[in-house]
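One letter stands for each residue in the lines below.
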Amino acid sequence: MPRHLGLSGKLLVFTLAFVLLAEILIIVPSIAAFRLNWLSDRLAAARTAALVLDAAPEGMISPELTRELLDSVGAITVAMKRDNTRRLLASTDMPPEVDHHADVRDVSPWQAATEAFDTLLARDGRVIRAVGTAPRGDGFIEIVLSETPLRKAMLRFARNIALVSLVIAALTGALVYLGLAWMFVRPMRRLTQRMIAFRDNPSAAPPRPGAADRLDEIGQAERELTLMQRQIADTLQQKNHLAALGLAVSKINHDLRNLLASVQLISDRLADIRDPAVQRFAPKLEAALDRAISYCQQTLAYGRAQEPEPERQMIPLAPLVAEVRDTLGLGPEEEASIGWVESIERGLSVDADPDQLFRVLLNLSRNALEALSGRAPNDPDRDQIRITGRREGATVVIEVADTGPGVPERARAHLFEPFQGSARRGGTGLGLVIASELMKAHGGDIELVPGTMGATFQIRVPDRPVDLDAHRARRAQG
């Protein structure tokens, strides 16, 4: 079949081919049955003539009457076999030589079809011998006749049935084609046009989901296409949002870094002041400024969806958690309205990048602090942030939990997707995305623990595999 044919053309070709095949399967048995019926009619007339000829005394029927009987049958000779005796009842002066034999008493469908084609392709003037049941059921009756009248009758019948079949095939094919084109080709063309239009303008709003009323596969395809278009449009909108965010951050990055550098100079001068309170807070201020400047330098890298590789080392977890607490202003020297509870194994160390792990814990703790602050006035005995840490084999498990209202159900499905997982009004939803990306860079993960009071996030940081050969070499050198 030509490849340039569209779906409509292919459907038309297949419809015509199958209808014509069905007509052929009908015409061939019909012609075969017509041939058998024609011969059976001649044999029935021969049986009637045989009764007359068999009942009349020998020599009582004149040659003229015999010829009239043979002409009425359309035969050249009529013979009958009964009780192992074969008798010639009527014949012309010189019986011709028989070219073909046809027994209509027991004929299979395949044999009837092949003999019908043999008759249609036969030459004019061929003589056949037809055998049928005798008048009283015992023996058989046979006639010899010219096949030419049978062939002509079969050709007329084949022409008539072919014309009728072609008309029926044309009407049936047209109705089937129109029905299939209306039910399938037209919806497929509509789907194709929607795909082309979406390819040309992906930002265009697609139809609402469930717009297709059909309940079959075509309707399901239309609904799935609509949902896919909406998802792609939402994804493109998020990508545009991220691109706009990256552009805006790149514009303010330079100025913000300069401002932080100026503040860092001021903090260096504060370190020279001998006041005890200043001496206590100056190192924390310097550490916070160093991290802020580092974050500004890494902002463009995150805008390219690429974080720097973690510089992992074994670090004690407790001091890092204490630094997170001080950054949030929940240190022991402050009278905070939100409680801070730590439960970390003694001497627990984690194989991680200290700055990146600090960012993860700070993001999770700040989210917990904002969730609890929404229930003001707060009570430190009721509103608490709890951080636990333990080692499970070669993995350090850290949990950051709060006693707040928990994560809403609508935010759980897209918790780690940009601009989708924020549970508070005005949030960007980037904190958890950044935390998840940093943990994956460590070979670990972060997940929301279900079935807990408030929100509990579990962080798993596996240790790096140890190269035993290199470890033995270092010990040998030591």
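Everything in this summary refers to the structure shown in the same document.

Rules and cut-offs
Residues numbered from 1 in each chain as written. Predicted model: local features only at pLDDT ≥ 70, side-chain atom pairs only at ≥ 80, totals over all residues. Heavy atoms only, no water. Helix = DSSP H or I, 4+ residues; strand = E, 2+ residues; numbered from the N terminus. Buried < 20%, exposed > 50% of the residue type's maximum accessible area, 1.4 Å probe, protein only. Contact = heavy atoms within 4.5 Å. Areas by Shrake-Rupley, 256 points an atom, 1.4 Å probe, with all protein chains shown as cover. Salt bridge = Lys/Arg side-chain N within 4 Å of Asp/Glu carboxyl O. Core = buried A, V, L, I, M, F, W, Y, C linked by side-chain atoms within 4.5 Å. Pairing = 2+ DSSP bridges. Axes fitted to C-alpha atoms, helices over the stretch in contact; angles between N-to-C directions.

**A look at the overall build of the chain**
Alright, step 1. Looking only at helices and strands, one finds eleven helices and twelve strands in the chain.
Alright, step 2. When each of the 478 residues of the chain is scored for burial, the buried share is 35%.
Alright, step 3. By sequence separation, contacts in the chain at least 24 residues apart represent 68% of the contacts at least 6 residues apart.
Alright, step 4. Total accessible area computed for the chain in this model is approximately 28600 Å², and 58% of it derives from carbon and sulfur atoms.

**Quick word on the pattern of salt bridges**
Alright, step 1. Overall, the coordinates contain 16 salt bridges when judged by the stated rule.
Alright, step 2. Where Arg390 meets Glu399, a salt bridge forms, and the shortest distance between an N and an O atom there is 3.8 Å.
Alright, step 3. Between Glu392 and Arg460 there is a salt bridge, with its nearest N and O atoms 3.5 Å apart. Here Glu392, found in strand β9 (residues 384-392), pairs with Arg460, found in strand β12 (residues 456-462); they are 68 residues apart in sequence, far enough to count as distant.

**Points about the nonpolar core**
Grouped burial of nonpolar side chains is what soluble globular proteins tend to show.
Alright, step 1. Among the nonpolar cores identified, the biggest contains 40 residues, and Leu357, Leu361 and Ile459 are the most heavily contacted of them.
Alright, step 2. Looking at this core, the elements with two or more residues in it are α7 (317-327), β8 (349-352), α8 (354-373), β9, β10 (395-402), α10 (431-441), β11 (445-448) and β12.

**Some remarks on the pairing of β10**
Alright, step 1. Within β10, eight of the eight residues are buried, which leaves the element mostly enclosed by the surrounding structure.
Alright, step 2. Burial of the side chains of β10 extends over both faces: Thr395, Val397, Glu399 and Ala401 are buried on one face and Val396, Ile398, Val400 and Asp402 on the other.
Alright, step 3. Pairing geometry for β9 and β10, over eight bridges, is antiparallel. Across the sheet, residue Arg391 finds its bridge partner in β10, namely Val396.

**A short note on the sheet that holds β10**
Alright, step 1. One open sheet holds the five strands; their spatial order is β7-β9-β10-β12-β11, and the pairing between them is mixed. Edge positions in the open sheet fall to β7 (339-344) and β11, since each of these has one partner strand only. When the angles between neighbouring strand axes are averaged without regard to direction, this sheet yields 15°.
Alright, step 2. Helix-sheet contacts for α7 involve β7, β9 and β10, and the interaxial angle to β7 is about 170°.
Alright, step 3. Packing against the sheet, α10 makes contact with β11 and β12, and its axis sits at approximately 140° to β11.

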